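Survey of secondary and tertiary structure
Residues per chain are reported as follows:
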Amino acid sequence: MADNKYAAYICSGCGIGDAMKVPQLEAIAKKEGKMAIVKSHPFLCNAEGVQTIRDDIANEAVTHVCIAACSRRSKTEAFQFDGVAMSRANLREGVLWVVAAGKDHDEVRQEMAADYVRMGCAELKKMTQPAGNVKESSSKRILVVGGGMSGMTAALEIAETGYEAVLVEKTGALGGMTAQLWKRQPFKEPYAAAQETGVAEMAAKIAANPKIKLHLNSTIAETSGAPGRFVIHIAQESGTVTEETVGAIVQATGFTTYDMAKLPELGGGQPNVVDQAGLEALAKTANGGAIKRADGKEVKSVVFVQCAGQRDDTGTHLSYCSGHCCGTSIKQANYFKDQNPDIDTAIVYQDLRVPGMGEDFYRGAQEKGVTFTKGKASKVTGGDSCSVTFKDLILDEENTIAADLVVLATGQVPNAGVDLEAWNPVVTAADGGDAAAKVARDEMKTISILNLNYRQGPDMPQFKHGFADSHFICFPYETRRTGIYAAGPVRRPMDILQATDDATGAALKAIQAVESVAVGRAAHPRSGDLSFPTARLEGCTQCKRCTVECPFGAIDEDERRFPVFNEERCRRCGTCMGACPVRVISFENYSCDTVGSQVKAVEVPEEDEEKPRILVLACENDAYPALDMAGMARLTHSAFVRVIPVRCLGSVNTIWITDALNAGYDGVMMMGCKKGDDYQCHFVKGSELAHYRMSKIGDTLTQLGLEPERVQTQEVAITDNARVVKLINDYVAELEKLGPSPMKGFG
Amino acid sequence: MTASIATNQTILVVGGGISGMTAALEAAECGKQVILVEKTPALGGRTARLYRYFPKMCHPTCGLEINLRRLKQNRNVRLMTMTEVTAVSGSRGDYAVTLKVAPRFVNENCTACGKCGEAVTAEVPNPWNYGLDKMKAAYLPHNMAHPQRFVIDPSIVGTPEGEKAKAACPVGAVDLDMKEESVTLQVGAVIWATGWRPYDANKIQPYGYDRFPNVITSLEFERLADPQGPTGGKILRPGDGKEAKNIAFIQCAGSRDENHLRHCSRICCMASLKQTQYVREAYGEATSAPSTASRTSTRWCRRTRRSASSRARWPRSSRTRKTAIRSCTASIPRATTATPPSMTWWCWPWAWNPRSPV
């Protein structure tokens, strides 16, 4: 490999040259930054400026480029050089636009710019351009777990896009819950009548498609590996185990209906009280004729009780709405009305939710004479003549109706496998030798769906109410297990149409995962990132922090308890790097050194200069753009801060903080995303972990004789451009009151 | 992001809102060549103009930032803004698409330094804020606009104002001679993601949107709540600029209605519940901000609707009731300028559609 050659290019455009002494910055890049080539340009991002850099790369064998110009978020199209490591010193948004104009500020502005140039050069020296780890033997097959509507859709979409699918279904036939239906809700114009489920056609298509390998009566005995190289042990009912290698997984394991037996007050378990699935079975038996009860009597009147055991605020039943049940009851009322308009059909609802085109279906049912009664059912009794007692919410009075049959709209309970929150403590106890915990662990294992042999547990983490993880509001298919995508009602309650949309989306994400991993690219949200973490295991103390804290379960442990990095599972957030107390984990272009060297590159003024220095570690996802936009809005803040963007606050290693304080910085402020239940951290746990780690740093500060206020952690949203400026200015004022750091001069 | 070659493997995505951006990026990250066209000067569509999302109350611009970052580093996507589709011909796997590119009057030299905006004095209504305020006629559409390039409003081209913008530009980026262009591309598939527009609130006569300045739509309310919006995040009545403290939310305004839209637009109830939180956040729990959101059954709703329509006269009949009424107008699919070919995929915003379990 050729020697590294470093070059810095300083732009004097956009007013940088007017407000700052560019020749001085050039001298700093040359002498202190030790750049082999240093050039300035009045308009670096235009064709000619960019060509200067390209020429140096081609003719002078430059391998590392520092661009001292605008923010790393700007002019990305111009500053894109293949195979070259690049750092960006933010002189425009970060200095020119946020430091107050005028001669009074010339000195501090220049110092700030000089520090950013030093930092850009220092970072560059520690960087290597990641080449990506191309995997020639990477599998592009995709496993689909569950053969219901979601799973069948996913498998067909995968196959029709040209990829191979392996479809595993627990029962002996495809179709899942949908196959149990007589008809499905209308899903196309004119949204007037129930439609055929289409299960048989889909099953035939699957059987005829050579790209889909079907395993019926099968479950997943074990999943090991990582995207591109998952090894799946598929256990058949007969006891035989087949091994399949796949690149990604779509988990479409659907739902189970909420157990009616838990609703005795609503007649659960009594004769002639059925749930919606029970009614579908009766309708199937009737096959278009008169629907008869289990005792053979023809149904002449029927009452549908909505939200049975759902939207419950007592904590006893499901607290959520399952989304499909209003439409399903309308459909089922139509079964009766279509067969015999004289049958009395009443739907007792609290709130009727038929979003979108469901309105047309609802109106159609009204026209057919289905009675809609706004009320809350309090008691249902079964038997030969059933009765439903409810409070009429319009008339505000108690009411009772009699019926031959009562249908309870119970909700969807996801089939998501083991809840890791419960799993982890049990495993810890079992590993410690607790016999009862061992039994509990083995019992839990039996409900696992994926049986991942990951260090962090056998299934994907769960979201609220036991639904499988979907970890972004805006990117719903992403889960915390890279290359494994949840689709359909296992992810959130939904109807068939939504489940097919969902399965299509998940299939696309799975295809993307296998394509990305084959060329060593990261998955969302750092999609395209070619860097990956490596560890110098000789320095590792086997503390297990990285394996426990990785939000994506990417790191396993070997038999000697050393971490085993599964690069393909990694999202490149750097949480492991932040966790490591001995700093042995690093990425090629992002490491303890790339940031640490920037911290150390800053020139910290002596105490008597009365110029505090504050390090701001800003999450590049939200806080850094907010700072940029403060610049764009020309909001000014103190010139005493030095901002370093980080991949996630979770990647912040405490060494950077200690280094900064030792070097005489007066304070360190961390800006990350919102943590907690409504977290906005792009890596789920990063900002929370950072807060936790910083809560522990207080003692260390006290031992050093430093006030705890010298380290601050803030939650910042991307719209906070005015707030970040205030946070900075307030912090500077607070630190000025506190006085200079006693560590100054010892660095 | 460099020019991708149009072949029959190329996918054309029409619309640069969240549906279109998602479709373009997901396809590009699968290795496909994509051309993304957007009618306005910047990406983001309606979603980026929302202040927050339910249920997490997080910011749509945060998602926009992720998508822009993906876009900036993905070379499979070619972005064309200020571009509309005028014709589509051909069949599956082989379409010829004619595009009309409107002049931006600013070329790629623009560094978004803002000098042209400073120089120009003419103002035009700001579409980003649904016309609730004005902006300079040389403008960056919004803070996170991508491409990060200014636009010269055509109204000042050929006027001294236009010349001022040109003279102020230090990098020669203002080009007032730009003309509309027509481009024809060969593509293999078309994804139609042209989104929606709010139902015309003027048509809902009883609610007086056309007569009462303090009756606004749900989308306008989003801009009022946004710190980046026309009021800096303060909920001020358009009529007199006073803080609105009593706010009534009318659901199903013009939707689920035989005289207007028959369908339910699905997001409005949650949107109003979300917006009541904006109000709470602005005024705190203790103050009286009886923001009511009601949507239940149709029956219930009809009753509400009747009473609400009489309430709409408050601003006229009772000056003491300082009430801004915001009507939640429903969405209707954007009519297309070109008849979509039969193989076009209709793309709904499934990715950002906040159908989450809570």
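All chains use their own residue numbering, which begins from 1 and follows the written sequence. Written order decides the labels, with chains lettered from A and ligands numbered from 1. Selection of residues for local features in this predicted model requires a pLDDT of at least 70, selection of side-chain atom pairs for listing and counting requires 80 or more, and totals for whole chains, interfaces and linings are taken over all residues.

A few words now on the overall build of chain B. Segments assigned H or I by DSSP are reported as helices when at least four residues long, segments assigned E as strands when at least two residues long, and all are numbered from the N terminus. Counting its secondary structure elements, chain B contains 8 helices and 17 strands. Buried residues in chain B amount to 50% of all 358 residues. Of the contacts made within chain B by residues no fewer than 6 positions apart, 71% connect residues no fewer than 24 positions apart. Buried means a residue has 20 or more other C-beta atoms within 10 Å of its own C-beta, exposed means 12 or fewer, and partly exposed covers the counts in between; C-beta atoms are placed from the backbone. By the criterion used throughout, residues are in contact when their C-beta atoms, derived from the backbone, lie within 7 Å.

Within chain A, the regular secondary structure consists of 22 helices and 29 strands. Considered along the principal axes of its C-alpha atoms, chain A spans approximately 95 × 60 × 60 Å. With 747 residues in all, chain A has 57% of them scored as buried. Counting contacts in chain A only where the partners sit at least 6 residues apart, residues at least 24 apart contribute 70% of the total.

Residue and element names in this part refer to chain B. For the purposes of this description, domain bounds are those given by an automatic or database domain assignment. The domain boundaries assigned to chain B delineate domain 1 (11-102 + 180-195 + 334-346), domain 2 (115-168) and domain 3 (197-333). Each partner contributes residues to the interface: domain 2 has 5 residues there, and domain 3 has 7 residues. Under the convention adopted here, Pro, Cys and the residues Ala, Val, Leu, Ile, Met, Phe, Trp and Tyr are nonpolar, Asp, Glu, Lys and Arg are charged, and Gly plus all remaining residues are polar. Within the side of domain 2 that touches domain 3, the residues separate by chemical class into 2 nonpolar, 2 polar and 1 charged.

In this section: the sheet that holds strand β5 (residues 94-101) of chain B. Across a sheet, strands are paired by hydrogen bonds formed along the backbone, either parallel or antiparallel in direction. All names here are of chain B. Spatially, β4-β5-β10 is the arrangement adopted by the 3 strands of the open sheet, whose pairing is antiparallel. Every other strand in the sheet has two partners, leaving β4 (83-91) and β10 (181-187) as the edge strands with one partner each. Across the sheet, the mean angle from the axis of one strand to that of its neighbour is 20°, orientation sign disregarded. Alignment of β5 against β10, held across 7 bridges, turns out to be antiparallel. When DSSP finds two or more bridges between a pair of strands, those strands are recorded as paired. Inter-axis angles, ranging from 0 to 180 degrees, are taken between N-to-C directions of lines fitted to C-alpha atoms, where helices are fitted over the stretch in contact.

What follows concerns the sheet that holds strand β7 (residues 212-215) of chain A. Residue and element names in this part refer to chain A. Across the sheet, which stays open at both edges, the 5 strands sit in the order β7-β6-β5-β11-β21 with parallel pairing between neighbours. Of all strands in the sheet, those with a lone pairing partner are β7 and β21 (484-486), marking the two edges. In this sheet, neighbouring strand axes are inclined to one another by 20° on average, regardless of whether the strands run parallel or antiparallel. Sheet topology places strand β5 (residues 142-145) next to strand β6 (residues 165-168); 4 bridges connect them, and they run parallel. Counted as the bridge partner of valine 145 is valine 168 from β6. Taken strand by strand, helix α14 (residues 496-518) contacts β5, β11 (248-251) and β21, and its axis lies near 165° from that of β11.

Listed per partner, the contact involves 55 residues of chain A and 44 residues of chain B. Only α11 (358-368), β16 (371-381), α14 and α18 (623-632) of chain A provide two or more residues apiece to the side of chain A that touches chain B. Within the side of chain A that touches chain B, the residues separate by chemical class into 27 nonpolar, 17 polar and 11 charged.

As a further point, take the packing of helix α5 (residues 106-126) of chain A against helix α17 (residues 592-601) of chain A. Think of two packed helices as two axes; the pair is described by the angle between the axes and how far apart they sit. All names here are of chain A. Interhelical geometry of α5 versus α17 gives an angle of 150° and a closest axis separation of 8 Å. Of the possible angle classes, the one that applies to α5 and α17 is roughly antiparallel. The two elements α5 and α17 cross, and the hand of that crossing is right-handed. In this structure, α5 uses Arg118, Met119, Ala122, Glu123, Lys125 and Lys126 to contact α17, whose residues at the interface are Asp593, Thr594, Ser597, Gln598 and Ala601. Any angle that is under 35 degrees is reported as roughly parallel, and any over 145 degrees as roughly antiparallel; angles of 65 to 115 degrees are reported as roughly perpendicular and all others as oblique. If you view the pair so one helix is near and one far, a crossing is left-handed when the near helix is turned anticlockwise from the far one by less than a right angle, and right-handed when it is turned clockwise.

Looking now at unusual backbone geometry. A cis amide bond links His524(A) to the next residue, Pro525(A), at an omega of 0°. Tracing the backbone shows Pro525(A) in the loop between α14 and β22 (534-535). Positive phi values are uncommon outside glycine, yet Met57(B) reaches one of about 60°. Here Met57(B) lies in the loop between β2 (34-37) and α2 (60-72). Of the residues examined, Met57(B) has 17 C-beta atoms within 10 Å and is grouped as partly exposed.

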